[in-house]
Structure formats: C-alpha cells, structure tokens
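The residues making up each chain are set out below.
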Amino acid sequence: PKRVKVGGYTYQIKRKNKPFVSDDNNAVCEGHHSFLNQVIKVTKTGSKEFQETIFLHELTHAIISVYCGLDYQNEEFVESFSKGLYQVLNENEIF
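A.B. asks: I would appreciate a short explanation of the packing of aromatic side chains in the present structure.
C.D. replies: A ring pair, where both rings are aromatic, is described by two values, the distance of the centres and the angle of the planes. Within this structure, the stated rule accounts for two aromatic pairs. A centroid spacing of 5.2 Å and a plane angle of 65 degrees characterise the contact between Y9 and F35, whose relative ring orientation is edge-to-face. With Y9 in strand β2 (residues 9-16) and F35 in the loop between β5 (31-34) and β6 (39-43), this residue pair connects regions lying 26 residues apart in the sequence. Ring centres of F77 and F81 lie 5.6 Å apart, and the angle between their planes is 20 degrees; this geometry places the pair in the stacked category. Residue F77 and its partner F81 are both found in helix α2 (residues 75-91); the two are separated by four residues, about one turn of the helix. For F77, a relative accessible area of 43% corresponds to the partly exposed category.

A.B. asks: Looking at this structure, I do not really get the layout of surface pockets. What am I missing?
C.D. replies: Over the atoms a probe the size of a water molecule is rolled, and this reveals where empty space is left. Taken as a whole, the largest pocket encloses approximately 490 Å³ of empty space. If you go around the largest pocket, you meet 25 residues; those closest to its centre are H32, H33, E58, H61 and E75. Among the secondary structure elements, those contributing two or more residues to the lining of the largest pocket are β5, α1 (48-67) and α2. Counting residues per element, the lining of the largest pocket draws most heavily on α1, at six residues. Of the residues assigned to the lining of the largest pocket, the class counts are six nonpolar, twelve polar and seven charged.

A.B. asks: I tried to follow the pairing of β5 on my own but got confused; where do I start?
C.D. replies: For a regular strand, side chains alternate in direction, first toward one face of the sheet and then toward the other. Burial along β5 is two-sided: the face carrying G31 and H33 and the face carrying H32 and S34 are both buried. In this sheet, β6 lies alongside β5 in antiparallel orientation, the contact comprising four bridges. Note that in β6 the partner of H32 across the bridge is K41. In textbook terms, the turn of a hairpin is the stretch between consecutive antiparallel strands, and for β5 and β6 this stretch comprises four residues, one of which, Q38, has a positive phi near 50 degrees.

The rules behind these values
Residues numbered from 1 in each chain as written. Predicted model: local features only at pLDDT ≥ 70, side-chain atom pairs only at ≥ 80, totals over all residues. Heavy atoms only, no water. Phe/Tyr/Trp six-rings, centres within 6.5 Å; stacked < 30°, edge-to-face > 60°. Helix = DSSP H or I, 4+ residues; strand = E, 2+ residues; numbered from the N terminus. Buried < 20%, exposed > 50% of the residue type's maximum accessible area, 1.4 Å probe, protein only. 1 Å grid on protein atoms, 1.4 Å probe; cavity = no way out; pocket = protein on both sides within 12 Å on 5 of 7 lines; lining within 4 Å. Points joined across faces, edges and corners; volume = space filled by probe spheres on them. Nonpolar A, V, L, I, M, F, W, Y, C, P; charged D, E, K, R; others polar. Pairing = 2+ DSSP bridges.

This is the structure we're talking about:
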C-alpha cells in the first residue's frame, strides 16, 4: 500500500531499491518506522515474502507506538510477532 491508517494517524509507505539509514541511530536497515513523521520505509530488495515481512515488522512498530507508546518498543517481541502475523496472513491467503 501507499498509505496505512493506524489509530488516528495516516502513515505514508516509502520504498527504495536499497537499504535505509535509520533516523534514530544511523544504522543501515531494510525497514524503518517513524512515529514522529508517520512514515514506514521498506526496502525493495529481497524476495516478495521478505519485503512483506519487513512491512509487517514496521507496521507492528507503528501499532505499538500508537496504542502503547514509544516506551513499549521491544525488538525481540516485534520480530517474533510480525513473523507470526505474516505466517497467519500468508497461509490463510489474506496477505
């Protein structure tokens, strides 16, 4: 999608042909979420499945930011949850 609504916020989805540099710590990454700017960035590199998993990972960050606050970000939880969500959506032909 080009946009996704989370709570009262509309996040713009940005895609590039190379990895991103994180706004937070200048780390190179395949995806990034910015609550402040309502932007989700996803790389176009890798397989379709990889890109979809990255999108769900960053979307999970957005959902947690909106509904739980920025202090509740736990990368291990986000990684596990987003992979589980991808599996359920993919195998049930929802995604």
